[in-house]
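Residue-level listing of the chains:
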Amino acid sequence: MTDDDHPPPSGRLRALLPDLTPWHASPDFRRMWLAGLVTVFGSFLTFVAVPLQLKELTGSTLAVGAVGAVELVPLIVFGLYGGALADALDRRALILWTELGLTVLSTLLLLNTLLPHPMIWPLYVVAALTSALNGLQRPALHAIVPRIVAHEQLPAAIALNSMRWQIGAIAGPALAGVFIAYAGLPFAYGLDVLTYVVSAALIMTMAPSPASHDAEKPSLRGILEGGRYAWSRKELLGTYAIDLTAMFFAFPTAVFPFLADELHAPWALGLMYAAGAAGSLAVSVTSGWASRIHRHGRMVVLAAAGWGGAMAVAGWMHNVWLVLLFLAVAGGCDMISGLFRSAMWDQTIPDELRGRLAGIELLSYSAGPQLGQVRAGGTAALAGVRASVWAGGLACVAGVGLLALSLPKLLVYDQRTDPHAVRARERKLTTAA
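Residues numbered from 1 in each chain as written. Predicted model: local features only at pLDDT ≥ 70, side-chain atom pairs only at ≥ 80, totals over all residues. Heavy atoms only, no water.

Visitor: Explain the overall build of the chain residue by residue, including any values.
Guide: The number of helices and strands found in the chain is 18 helices and zero strands. By the compact-globule yardstick of 22 Å for 433 residues, the chain fits well, its C-alpha radius of gyration being 22 Å. Taken along the three principal axes of its C-alpha coordinates, the chain extends 60 × 50 × 45 Å. Across the 433 residues in the chain, those meeting the buried criterion constitute 50%. In the chain, which carries 29 positive and 27 negative side-chain charges, the distance between the mean positions of the two groups comes to 3 Å. (Helix = DSSP H or I, 4+ residues; strand = E, 2+ residues; numbered from the N terminus. Rg over C-alpha atoms; globule rule 2.2 N^0.38 Å. Buried < 20%, exposed > 50% of the residue type's maximum accessible area, 1.4 Å probe, protein only. Lys, Arg positive; Asp, Glu negative; His and termini not counted. Charge placed at Lys NZ, Arg CZ, Asp CG, Glu CD.)

Visitor: Outline the pattern of salt bridges, listing residues and values.
Guide: Should their charged atoms come close, side chains of opposite charge can pair. All told, the structure shown has eight salt bridges when counted by the stated rule. Close ionic contact of R31 with D28 constitutes a salt bridge, the shortest N to O distance being 3.0 Å. Placement of the pair is R31 and D28 together in helix 3 (residues 27–58), with a separation of three residues, close to one helical turn. In this structure, D87 and R356 form a salt bridge, with 2.8 Å as the shortest nitrogen-oxygen distance. A residue pair is termed long-range when its members are at least 10 positions apart, and D87 in helix 4 (residues 61–88) and R356 in helix 15 (residues 354–383) qualify at 269 residues. Residue D87 is classed as buried on the basis of its relative accessible area of 7%. Judged by relative accessible area, R356 falls into the buried class, the value being 11%. (Salt bridge = Lys/Arg side-chain N within 4 Å of Asp/Glu carboxyl O.)

Visitor: Break down the nonpolar core for me, with residues and values.
Guide: I242, M272, W307 and L327 are the most contacted members of the largest nonpolar core, which totals 50 residues. With twelve residues, the single largest contributor to this core is helix 14 (residues 320–348). Filtering out sequence-adjacent residues up to four positions away, L327 remains in contact with F256, M272, A275, G276, M311 and A314. M32, L133, I144 and I148 belong to the second largest nonpolar core, which has 39 residues in total. (Core = buried A, V, L, I, M, F, W, Y, C linked by side-chain atoms within 4.5 Å. Contact = heavy atoms within 4.5 Å.)

Visitor: Report on helix 9 (residues 220–232), specifying residues and quantitative values.
Guide: The α-helix advances 3.6 residues per turn, and as a result positions three or four apart in sequence lie on the same side. Taking 1.5 Å per residue as the helical rise, helix 9 with its 13 residues ought to reach 18 Å, and the 18 Å between its terminal C-alpha atoms agrees with that figure. Within helix 9, the full set of buried residues consists of G222, I223, G226, Y229 and A230. Each buried residue of helix 9 sits inside an arc of 115° when the element is viewed along its axis, so together they form one side. In this structure, helix 9 carries L220, R221, R228 and W231 as exposed residues pointing more than 90 degrees from its buried face. (Expected span 1.5 Å × (residues − 1). Arc of directions from axis to C-beta.)

In structure tokens, the structure reads:
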């Protein structure tokens, strides 16, 4: 037996830590990662500030909840169109111009807040326009990664991008509460404007990412072409369907305030919202193992079932700390599922279709949680808060299982042998040569 059979503890630890190769190998990925971190932090400041300001101005829970309603349709419509734009235009330019547009919208929020009597309607208008710009930008953000990162480094890049978001999801809301409490809403909005300026400056230093010479103009026909391609790839279709199923049945954040009351722990409400992101972050910072996994579809199925199972257990628990623990486990499972879903997309979709497929992907992870909120609230009204959580989790496990059985190509997917992955890898090598 050799020393290689028993690597030292330090080697085992390095194998768990995130793979930083994309960060070191690609200056453009490094710039984009930093720009995204700054933007995520600023966006979460506004994410907390807008509903708080509406609460102060109206005192109405309905008025606060209506923000989500005005955001959903623009995100879906412009997400699909943004996917077509990402395939037809320079992706870096599209990211930059939408970032500048978001800067203007945050400035409008700041100016409205500085009025002697801030108005209510601009908050809804800006929320809808921000959602539209995010829909235009996200497909390009997703589609540019395979251009600036080597094919074999994509799982590591996805994990690093997810970790960036999770850091913002934990630190942003927490710091927003402190900033708003001690410095006021104008300070929070002003800081958000500053983060967009810094982010745009970083994006300007990236190399251009032009469309291919034979790229089609954005059109409904082009969007439908992307839909037909997704339908023809049953393993991709499975990832979309599983994500929608998991979010619809087992995304109970709408009932967290009521669950906290039932547990006699209203102080834990903030921790419930943060637990999932904390679990996801724990997976991200120990994601070095992900690059050695090749059967991505199988991992998507197992992780989505784990998400539902952990949510079901959280619904059964009566101890608040155990509830928080299993919410964190669910977040970790969701991170694993998302990591391998993204790896399948990025390593197999042709570059000329990548933007449009990213727009379709946007539907799965934006509509699912919104519908899940409705499902959770409706079930809670009929059967109780706990039943809403645990029954949704069990339904998620059952739904994922049925989808896996009906889409066998998802389970047998192997990125080493899948013909789409092989062709994408060969194209990347040819381009690099």
